[in-house]
Amino acid sequence: METTKYPVVLVHGMMAKNFRFWRAFRGIAGFLKEQGVTVYVTNQDGVGAVATNAEQLKEEILDILKKENCQKVNLIAHSKGGVDSRYMISHLDMAEHVASLTTLSTPHHGSGLSGRLLKMPRFLAKTIAFCTDTFFRLLGDRKPDILQLGHELTQEAMEQFNRDTPNIPSVYYQSYSSSITGKRAIVFIPYKVSRFCEQDATDGMVSVSSSQWGNYRGDIGDDVDHFKLAGNYGTKKQLADVGRFYLHIIEELQAMGF
């Protein structure tokens, strides 16, 4: 295919890494490259706070711009990566370097699950946070802080974030949600917990209503859960099917001149 005017940057979400044994967008990025797409995968902290990750994301994108000798990129961000991207665009003087932002199952309006988890006893929350931060530091996180991140993703915190982080007119914003029935064993428990916390259709982590931002393009369909959408698991054929959805997004961006 004829690739987009600007490189495509896949921005991973929470608890993901572009690490040798922990590949974000596993199978998806490779599929896109096979189709002739100029694509990069970010490697910001897996459990970093939004502002911290946005700074790291800015560094990576500036390096990509220099390498590709171009002025802008197209961002396709999964989950919390969309929040990092919005912060970077609006608060870190990066609007002139982003042509478009497509978010996939991003909790733009917060996570009911985050709010409920923060209600656990403080000593337990701090113990879990310490263990998680330590693990991700071993994987390369520079400033892991999952407890702060949990507070930032509550529904109340995201309401304030949205007021403080308006869309920039020069950037094209679009979003997709995904939802599942929860019948498959690998997502049954996450789905049930998420469905209870959100009181809405979800993909096992993020609700359909929370995923909507900018030009909402609808639900992906095909029973694609939150984890498969990011290439966290699946056969080569299944990931290629997800990759074709990404390719559809890219083809539309190309047709729009991005």
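Conventions we followed
- Residues numbered from 1 in each chain as written.
- Predicted model: local features only at pLDDT ≥ 70, side-chain atom pairs only at ≥ 80, totals over all residues.
- Heavy atoms only, no water.
- Core = buried A, V, L, I, M, F, W, Y, C linked by side-chain atoms within 4.5 Å.
- Buried < 20%, exposed > 50% of the residue type's maximum accessible area, 1.4 Å probe, protein only.
- Helix = DSSP H or I, 4+ residues; strand = E, 2+ residues; numbered from the N terminus.
- Contact = heavy atoms within 4.5 Å.
- Axes fitted to C-alpha atoms, helices over the stretch in contact; angles between N-to-C directions.
- Parallel < 35°, antiparallel > 145°, perpendicular 65-115°, else oblique.
- Nonpolar A, V, L, I, M, F, W, Y, C, P; charged D, E, K, R; others polar.
- Pairing = 2+ DSSP bridges.
- Phe/Tyr/Trp six-rings, centres within 6.5 Å; stacked < 30°, edge-to-face > 60°.
- Lys NZ or Arg CZ within 6 Å of the ring centre and 35° of its normal.

1. What about the nonpolar core?
And step 1. In this structure, Leu10, Leu32, Ile76, Leu104 and Tyr246 are the most contacted members of the largest nonpolar core, which totals 29 residues.
And step 2. Of all elements in the fold, only strand 1 (8–11), helix 1 (28–34), strand 2 (39–41), strand 4 (98–104), strand 5 (172–177) and helix 10 (236–255) reach the threshold of two or more residues within this core.
And step 3. Counting residues per element, this core draws most heavily on helix 10, at eight residues.
And step 4. Beyond its immediate sequence surroundings of up to four residues, Tyr246 is in contact with Leu10, Phe25, Ile28, Leu32, Ile76, Leu104, Leu229 and Ala230.
And step 5. Ranked by size, the runner-up nonpolar core spans 22 residues in total, among them Tyr40, Met88, Val171 and Tyr173.

2. A short note on the environment of Leu10
And step 1. Looking at the secondary structure, you find Leu10 in strand 1.
And step 2. Under the relative-accessibility criterion, Leu10 is labelled buried at 0%.
And step 3. Each C-alpha atom of the pair Leu10 and Asn43 lies 9.7 Å from the other, and the pair is 33 residues apart in sequence.

3. What about the packing of helix 2 (residues 50–68) against helix 3 (residues 81–91)?
And step 1. Packing of helix 2 against helix 3 leaves a shortest axis separation of 8 Å and a crossing angle of 75°. On the basis of their axis angle, the class for helix 2 and helix 3 is roughly perpendicular. Note on element contacts: helix 3 touches helix 2 through Val83, Asp84, Ser85, Tyr87 and Met88, opposite Val50, Ala51, Asn53, Ala54, Leu57, Lys58 and Ile61.
And step 2. When grouped by side-chain class, the residues that make up the contact of helix 2 with helix 3 number eight nonpolar, two polar and two charged.

4. Here's the deal with the environment of Glu252
And step 1. Note on placement: Glu252 falls in helix 10.
And step 2. Remark: the alpha-carbon pair of Glu252 and Ser100, spanning 152 residues in sequence, is separated by 11 Å.

5. Let's talk about the sheet that holds strand 2
And step 1. Overall, parallel pairing links the six strands, which are arranged 2-1-3-4-5-6 in an open sheet. Both outer strands of the open sheet, strand 2 and strand 6 (215–219), are each paired with one neighbouring strand and no more. Neighbouring strand axes in the sheet, compared pairwise and without regard to direction, differ in orientation by 20° on average.
And step 2. Relative to the sheet, helix 3 contacts strand 1, strand 3 (73–78), strand 4 and strand 5, its axis offset from that of strand 3 by approximately 145°.

6. A look at the packing of aromatic side chains
And step 1. By the definition in use, this model includes five aromatic pairs.
And step 2. With centroids separated by 5.5 Å and ring planes inclined at 90°, the aromatic side chains of Phe135 and Phe136 adopt a geometry described as edge-to-face.
And step 3. Since its relative accessible area comes to 3%, Phe136 is described here as buried.
And step 4. Between the aromatic rings of Phe245 and Tyr246, the centroid separation amounts to 6.3 Å while the plane-to-plane angle is 85°, which identifies the pairing as edge-to-face. Both residues of the pair, Phe245 and Tyr246, belong to the buried class.
And step 5. Taken together through their ring pairs, the aromatic side chains of Phe25, Tyr176, Phe245 and Tyr246 make up a single cluster.
And step 6. The ring centre of Trp213 lies 3.7 Å from the NZ or CZ of Arg86, which sits over that ring.

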